[in-house]
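# Chains, contacts and geometry: an overview
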Amino acid sequence: MTPLNSHGLRFAFGTLTALPVRVSRWDRGTARAGMLCAPAAGLVVGLLAAVPGVLLLLGGAGPLAAAVASAALPAALTRGLHLDGLADTADGLGSARPAEDALRIMKQSDIGPFGVITLVFVLLAQVAALFELYGRGWADGALGTVAAAVTARLALTLASRRGVPPARPEGLGAAVAGTVPPGGAAAVACAVVACCAAAGALLGHGGALHHALAALAGLLAAQVMLRHCVRRFGGVTGDVFGALEETAATAALLVLATG
């Protein structure tokens, strides 16, 4: 592992999780490596989130308790950072204000009605989808949890590609916006979707296609959100990245819960 890749991993885990990792470099090269490593952070978060769900299910607690545990732990592992970003982005978009005013609303510490409503329905959707998956068995629930977490962080890799501007001159959005070359983003995306398909194949006939489609659906939903945010705010911010992560995870889970 090269020093840059090592610092990139630290950057990915230090900025996208609450795990005790010290980020020792904060430059554009490290940010690029970190965002290319973002799915690895999602893999660790997904695996950790699947553990209590599987243990509860095998212990007889039922799929609802397992679903709540697997939905709650990622929030704990990020100190609610991505959910906070989702709520702030919803408030900014819902305000229908010009970009400057909307960005000012997003920086406020409180959460408005649009943010609250969005959080409630997104978390309900995630729990409902995980309930369906754990109802099929512990393997479906665990693989769904991991696939959603990896897809969610992959959406951040794609949102950091060149051509996507930052909405502010400071913050996480400015640090990572435009750092990832399109070819690198595409290569990571192909690798992650292929890994999701391979994991889904373990569940039997149709599992590979189902998990690949779920990952693609999550990325598509995040891309639609990204385009809208860039159009409304003029670029991306740390809050927008949180919204993209939650959007991709929720869309992937909903696709996995169907069919």
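All values derive from a computational prediction rather than experimental measurement.

Rules behind the numbers
Residues numbered from 1 in each chain as written. Predicted model: local features only at pLDDT ≥ 70, side-chain atom pairs only at ≥ 80, totals over all residues. Heavy atoms only, no water. Patch = residues over 30% accessible without salt bridge, like charges linked within 9 Å, V, L, I, M, F, W, Y side chains within 5 Å. Areas by Shrake-Rupley, 256 points an atom, 1.4 Å probe, with all protein chains shown as cover. Salt bridge = Lys/Arg side-chain N within 4 Å of Asp/Glu carboxyl O. Helix = DSSP H or I, 4+ residues; strand = E, 2+ residues; numbered from the N terminus. Expected span 1.5 Å × (residues − 1). Buried < 20%, exposed > 50% of the residue type's maximum accessible area, 1.4 Å probe, protein only. Polar contact = N/O pair within 3.5 Å; in protein donor to acceptor, adjacent residues only side chain to side chain.

## Quick notes on a nonpolar patch on the surface
Where nonpolar side chains cluster on the molecular surface, the patch consists of Ile 111, Val 116, Ile 117, Val 120, Phe 121 and Leu 124 and spans about 550 Å² of accessible area. As for its placement among the helices and strands, Leu 124 is situated in helix α7 (residues 113–136).

## Digging into helix α12 (residues 238–257)
The first and last C-alpha atoms of α12 sit 29 Å apart over 20 residues, in line with the 28 Å expected at 1.5 Å per residue. Of all 20 residues in α12, 17 are buried; the element is thus mostly enclosed. N-capping of α12 is provided by Thr 237, with a side-chain oxygen placed 3.2 Å from the backbone N of Asp 239. Of the residues trailing α12, Gly 259 is marked for its positive phi of about 75°.

## Looking at unusual backbone geometry
Here Arg 79, not a glycine, exhibits a phi torsion of approximately 55°, which is positive. Note that Arg 79 resides in the loop between α4 (63–77) and α5 (81–94). At Ala 96, a residue that is not glycine, the phi angle is positive and equals roughly 60°. Relative to the helices and strands, Ala 96 resides in the loop between α5 and α6 (99–107).

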